[in-house]
Structure formats: structure tokens, C-alpha cells
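Letter by letter, the chains look like this.
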Amino acid sequence: RVLSGRGLDLAGRHVVVSAGGTREAIDPVRFIGNRSSGLQGYALARTAVARGAEVTLVSANVGLPDPAGAKVVRVDSARRLREAVLSAAGHADAVVMAAAVADFRPVRQSDTKIKKSSGEPEPVHLTKNPDVLAELGEIRRAAAFPRVLVGFAAETDDVLANGRAKLERKGCDLLVVNQVGENLAFGTPDNAAVVLSADGGSVEIPRGPKEDLADVVWDLVVARLS
Ligand code: CTP
Ligand code: CA
């Protein structure tokens, strides 16, 4: 059933969506994580299926039912997410990076549970994770493929200026900028955003269901694919 009234305008297209938030292990029972629920990424996957796309959903630590009709690849860490996204992106028309990818991971992961023991705790030293979206931007610069790259950004201040700079830095076509706070974004069914495009345009999406935002993103993707 086509819910959006947009018809099957993604038929014959393969899209990759990443969703959720990565976890970076400290030891076998502890990790560094983030508050991403996966709701926006799953809404993107569902709406893309409804519009006829072949969908690969790279899902990082999301407690939601698999969207019917999507191929779901489960990952844990940023490095695993990178492997899954890059391998699916090889035959994708569009990649939408809705996942919250950890910027840093512990340098060392203990094979055994770290014990409380006596004295002061050892500091957790961090190192940078690969930037998957920036890497896709590089790949696309060289290979002109995948044709459309979409990033997400949650900003708390200077939302538009930070978003514009980020879009350029990552080499993506569209950047969906959420303002975090005021009970928006994380874990809620609603979202509000501005979608910035590389050609200088911007589309404001008023507060509403994450499905509606997803459909506007796919409208912009479809326009760039045809
Ligand atoms: N992203 C990614 N790989 C990373 C970090 C982020 O692919 N290691 C992607 C996210 O999935 C998102 C976009 O990049 O689509 C923007 O993420 P964001 O965290 O806002 O950007 P950063 O470049 O990490 O900048 P910041 O310092 O603001 O966190
Ligand atoms: Ca980040």
C-alpha cells in the first residue's frame, strides 16, 4: 500500500539507509553510545519501501521491528556500520545516513570486564572513528556513484551556519538539519528540520511525524535521480 500518495516513484532504485546509533565497546559489558532511537531512519526505510525502492537498512542498536520489505543489516560499532554501508553503497542509487555514528571510540577494548579494584579508575583514551559520510562523498567525487548522498545533523546552536558548513565538508547533496532540544528529535515520533541542499537551496519541514519528513527527503532524492 502506498501511503504517501507519491506513487511508486522509487521503483527500480536501490537505496541505503543507516539508522540508530553506534556503540563503541569499552569492555565486554560497557560501551559509549548515544541517544538515537532509530525512529527517523526506520521511517525513511518504510516510506522508501512504500514508494517502490529496494531498501537496505543498516541498523545500529535499534529496538524496533524490521520494516517489511527492507533488507536489514545489523551492526554495532561505527567500523561495522562503515563496512555494511560501503558494501551496500556499491550498488545504490542513494545513501541516506540517518544513523548517529560515534565520532570517537576507545583506543583499547578490554577482553575482560574491567574491575572496580582499589585506587583511581584508568582513563578511557579515545581515538577518531572513520567518517562514513565524508568517505562516501570522496568515493562519489571519483566515481559519480552513488548519485545522491544525504546526511543528517543534529545541531544545538548556529543551526543553519553549522549545517551549511557541514554539508560542504561532507560533500553530500542534502543535509537534514534537526534542532535538538524542546522535546524534539530523540525518541519522539515527531521531528522538525531544515533540509539544506548543495545548490544553495533550503526546505523547511514543520514539526510533524517522522514519516512526513522522510517523504520530503525522498521527494528531494527522486528529483535528483530523474
Ligand atoms: N557521520 C558519519 N560518520 C561519522 C560521523 C558522522 O557518517 N563518523 C554522518 C552522520 O550519519 C550524519 C552526518 O555524518 O549523517 C553528520 O553527522 P554529525 O555528527 O552531525 O557531523 P560530524 O561531522 O561528526 O560533526 P560534529 O562535530 O558536529 O559531531
Ligand atoms: Ca558527530
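See the structure printed just above.
Now for a description of the structure that goes with this document. Only a predicted model underlies this, so the values are computations on that prediction, with no experimental measurement involved. (Residues numbered from 1 in each chain as written. Chains lettered and ligands numbered in written order. Predicted model: local features only at pLDDT ≥ 70, side-chain atom pairs only at ≥ 80, totals over all residues. Heavy atoms only, no water.)

## Some words on the site of ligand 1
So, step 1. The local shell around ligand 1 holds 15 residues, among which Met97, Ala99, Leu133, Lys166 and Lys170 are the closest.
So, step 2. A distance of 2.9 Å separates a nitrogen atom of ligand 1 from a polar backbone atom of proline 130.
So, step 3. Contact distances for ligand 1 include 2.9 Å between an oxygen atom and a backbone N or O atom of phenylalanine 152.
So, step 4. Bound to the protein, ligand 1 loses 77% of the 570 Å² it would expose on its own.
So, step 5. Residue composition of the shell around ligand 1, grouped by class: 9 nonpolar, 1 polar and 5 charged. (Near = heavy atom within 4 Å. Polar contact = N/O pair within 3.5 Å; in protein donor to acceptor, adjacent residues only side chain to side chain. Areas by Shrake-Rupley, 256 points an atom, 1.4 Å probe, with all protein chains shown as cover. Nonpolar A, V, L, I, M, F, W, Y, C, P; charged D, E, K, R; others polar.)

## Observations concerning the coordination of the calcium ion (ligand 2)
So, step 1. Here the calcium ion (ligand 2) is held by Asp103 (OD) and Asp103 (OD), and the distances to it run 2.4 to 2.5 Å.
So, step 2. Turning to its location among the elements, aspartate 103 is positioned in the loop between β6 (94-97) and β7 (104-106). (Donors = N, O, S within 2.8 Å, 3.2 Å for Na, K, Ca; no water. Helix = DSSP H or I, 4+ residues; strand = E, 2+ residues; numbered from the N terminus.)

## Quick notes on the packing of helix α1 (residues 39-50) against helix α5 (residues 210-225)
So, step 1. Two elements in contact, α1 and α5, have axes separated by 8 Å at closest approach and are oriented at 60 degrees. Considering their axes alone, α1 and α5 lie oblique with respect to each other. Classified by chirality, the crossing of α5 by α1 is right-handed. Contact with α1, carried on its side by Leu39, Gln40, Ala43, Leu44, Arg46, Thr47 and Ala48, involves Lys210, Glu211, Leu213, Ala214, Asp215, Val217 and Trp218 of α5 and no other residues of that element.
So, step 2. Per-class residue counts for the contact of α1 with α5 are 8 nonpolar, 2 polar and 4 charged. (Axes fitted to C-alpha atoms, helices over the stretch in contact; angles between N-to-C directions. Parallel < 35°, antiparallel > 145°, perpendicular 65-115°, else oblique. Left-handed = near helix turned anticlockwise from the far one by under 90°. Contact = heavy atoms within 4.5 Å.)

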